[in-house]
Amino acid sequence: RAGRLPVADDGGGGVLSELADSRERARAALPREVWDYYEAGSGDEVTLGEAEAAWRDFRLRPRVLQDVSRVDLATRLLGTVAASPFVVAPMAFHALAHPDGECATVRGAGDAGCLTVVSTRASRTLEDIGAAATGPWWFQAYLMRDRGLTEALVRRAAAAGARAVVLTVDTPYVGRKGRVSGVRIAVRDDQYLVNLAQHLVPGAVAREAAEQDPSMTPDTIGRLAEVSGLPVVVKGVLRGDEAARCVEAGAAGVVVSTHGGRQLDRVVPSAHALPDVLEGVGGRVPVLVDGGIRSGTDALVALALGADAVLVGRPVLWALAAGGAEGVREVLHGLAEDLRHVMAVAGAARPDALDRSMVTTA
Ligand code: FNR
């Protein structure tokens with residue numbers, strides 16, 4: 001009798017098909033307008049459409065004869081230690097995906113050994129999120145027109161357990177998204193900008209006070225570090241010279257990001273902006289990247305180019321919608337296992353064994 005050889009020893013259809021399933025389950029579970037809000041990009045959605053493919057523009061130059069019998073994904077970022085380099089990107093209103101909102105996300109991510117970045121537009125209070133967290137979390141801030149609001153929030157985040165502030169700088173105005181133009185999403189009052197309510201002056205309208213301040217300049221970086229006592233990481237940088245300007249203004253890290261294709265359309269994809277930003281930063285601070293990261297191989301390319309970690313956006317919302325905290329744990333675990341596998345096959349037993357020589361343009 002013929003022996004049976006495993007054709008694909010991956011326990012299933014691989015991480016991409018798991019993500020595709022989870023995406024379809026989320027689409028079926030979510031109201032149409034929420035699904036569109038999650039999916040949408042700005043403008044003609046050119047940037048949105050290019051994000052995933054851009055990671056495939058690189059080719060790997062693997063090492064051989066390395067001992068890869070154990071692959072350790074442990075990642076240290078500004079004193080925060082995580083079991084894997086996958087980080088949950090900050091995204092608004094998780095309660096639209098699941099009733100436990102960010103409390104479920106932070107629990108699922110923590111159980112997978114991952115760091116979570118919690119959005120200013122979270123639908124649960126920072127204190128509840130801090131109490132639910134089973135792993136490290138950072139707080140994403142916008143500088144709002146009412147600057148006192150931002151300062152109050154970063155102080156509260158620090159008290160609730162956040163270990164860094166991520167200041168998003170690519171949003172002087174919110175990008176126009178044709179897919180959801182004129183569409184209203186019903187958000188319960190107790191889930192809409194819950195973290196702002198207690199800091200508003202009587203009579204102030206949350207929506208107006210919480211608009212991004214388009215006059216923000218680099219001194220905000222130092223100011224938020226001072227107020228919060230935390231390192232400030234700047235998110236939404238696509239040029240080396242701008243990244244250098246942030247570092248010189250006191251940024252403790254930089255996130256290369258197109259905001260998931262939701263801000264300026266037709267910007268260079270994150271994958272292609274990353275090398276320039278790394279050069280501008282020159283190793284002075286950690287560099288993270290997001291946009292279209294959907295597999296261990298995408299992460300492998302990013303880490304080999306020189307990123308210290310990768311953020312994952314929409315797949316976490318799909319998993320949250322379809323499976324709550326357990327869904328979030330599973331998707332992040334699946335991505336980490338996929339990365340562990342491709343790192344082994346590429347001859348790298350630890351993220352710091354990856355370097356620029358292992359990747360070339362296609
Ligand atoms: C976002 N993103 C985002 N970024 C941020 O700094 N603050 C925020 O509140 C939000 N909100 C938000 C909502 C939704 C529905 C999405 C899809 C995205 C951007 C996010 O942090 C990240 O940059 C991208 O989502 C990463 O790209 P992928 O993984 O979604 O392709």
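Throughout this description, residue numbers start from 1 for each chain and increase along the sequence as written. Note on the predicted model: pLDDT of at least 70 is required for a residue's local features to be given, and 80 or more for side-chain atom pairs to be given and counted; whole-chain, interface and lining totals, by contrast, use all residues.

**A look at the overall build of the protein chain**
Each helix corresponds to a stretch of at least 4 residues labelled H or I by DSSP, and each strand to a stretch of at least 2 residues labelled E; elements are numbered beginning at the N terminus. The helix and strand inventory of the protein chain stands at 13 helices and 12 strands. As a reference, a globule follows 2.2 Å times the number of residues to the power 0.38, and the radius of gyration itself is taken over C-alpha atoms. In terms of overall size, the protein chain behaves like a compact globule, its C-alpha atoms giving a radius of gyration of 20 Å where 362 residues would be expected to give roughly 21 Å. Once C-beta atoms have been placed from the backbone, residue pairs whose C-beta atoms lie within 7 Å are recorded as contacts. Sequence separation of 24 or more characterises 73% of the internal contacts of the protein chain that already satisfy a separation of 6 or more.

**A few points about the UniProt feature "active site" (unreviewed entry) in the protein chain**
Per the UniProt annotation, the sites labelled "active site" (unreviewed entry) are His259. As for its placement among the helices and strands, histidine 259 is situated in the loop between strand S9 (253-256) and helix H11 (270-281). Comment: burial labels come from other C-beta atoms within 10 Å of the residue's own C-beta, placed from the backbone, where a count of 20 or more is buried, 12 or fewer is exposed, and between is partly exposed. Taking the number of C-beta atoms within 10 Å as the measure of exposure, histidine 259 has 24 and is therefore buried. UniProt positions are given in the numbering used here, feature names are shortened, and annotations may be inferred rather than shown by experiment.

**Some words on the site of the ligand**
Contact assignment follows one rule, namely that a residue is near a molecule or strand if its backbone-placed C-beta atom lies within 6 Å of it. Residues in contact with the ligand amount to 23 residues; listed here are only the nearest, Ala89, Ser119, Thr168, Gly260 and Gly313. By residue class, the composition of the shell around the ligand is nine nonpolar, nine polar and five charged. Residue type decides the class: Asp, Glu, Lys and Arg count as charged, Ala, Val, Leu, Ile, Met, Phe, Trp, Tyr, Cys and Pro as nonpolar, and the leftover types, Gly among them, as polar.

**A closer look at helix H3 (residues 46-54)**
Listed as buried for H3 are Thr47, Leu48, Glu50, Ala51 and Ala54. In the core, the buried residues of H3 are packed alongside H11.

**What to know about the sheet that holds strand S10 (residues 287-290)**
As summarised here, the arrangement of the eight strands in space is S4-S5-S6-S7-S8-S9-S10-S11, forming a closed barrel in which the pairing is parallel. Across this sheet, the average inter-strand angle for adjacent strands is 30°, counted without regard to direction. Pairing geometry for S9 and S10, over three bridges, is parallel. By the bridge assignment for S10, valine 255 is matched with leucine 288. A fitted line through C-alpha atoms represents every axis, and for helices the fit uses only the stretch in contact; the resulting angles, taken between N-to-C directions, go from 0 to 180 degrees. Across the sheet, helix H10 (residues 240-248) lies against strand S8 (232-237) and S9, angled at about 165° from S8, the strand it touches most. For two strands to be treated as a pair, DSSP must find at least two bridges joining them.

**Section: the pairing of S10**
Burial along S10 is two-sided: Val287 and Val289 and Leu288 and Asp290, pointing in opposite directions, are all buried. With three bridges joining them, S10 and strand S11 (residues 309-312) adopt parallel strand pairing. Paired with aspartate 290 across the strands is leucine 311, a residue of S11. In this region the chain leaves S10, passes through helix H12 (residues 296-305) and returns to the parallel neighbour S11; the handedness of that crossover is right-handed. For the handedness criterion, the strands are oriented away from the viewer, and a crossover whose path from the first strand over the helix to the second runs clockwise is classed as right-handed.

**Structural notes on the nonpolar core**
Nonpolar cores are identified as sets of buried Ala, Val, Leu, Ile, Met, Phe, Trp, Tyr and Cys residues joined via C-beta atoms within 7 Å. Counting 119 residues, the largest nonpolar core has Val165, Val232, Val234, Val254 and Val310 as its most contacted members. Of all the elements, helix H13 (residues 314-346) adds the most residues to this core, at 17 residues. Those residues within four positions of valine 165 in sequence are excluded, and the remaining contacts are Trp138, Phe139, Ala141, Val154, Ala157, Leu224, Ser228, Leu230 and Val232.

**Structural notes on the environment of serine 181**
Inspection of the secondary structure puts serine 181 in the loop between strand S7 (165-168) and helix H7 (194-197). Judged by the 8 C-beta atoms lying within 10 Å of it, serine 181 is exposed. A C-alpha to C-alpha distance of 9.7 Å links serine 181 and tyrosine 37, two positions 144 residues apart in sequence.

**Notes on H12**
The buried fraction of H12 amounts to 10 of the 10 residues, a majority that puts the element mostly inside the structure. Turning to H12, its buried residues number three or more, namely Gly296, Thr297, Asp298, Ala299, Leu300, Val301, Ala302, Leu303, Ala304 and Leu305. Looking one or two residues beyond H12, the residue adopting positive phi is glycine 306, at roughly 130°.

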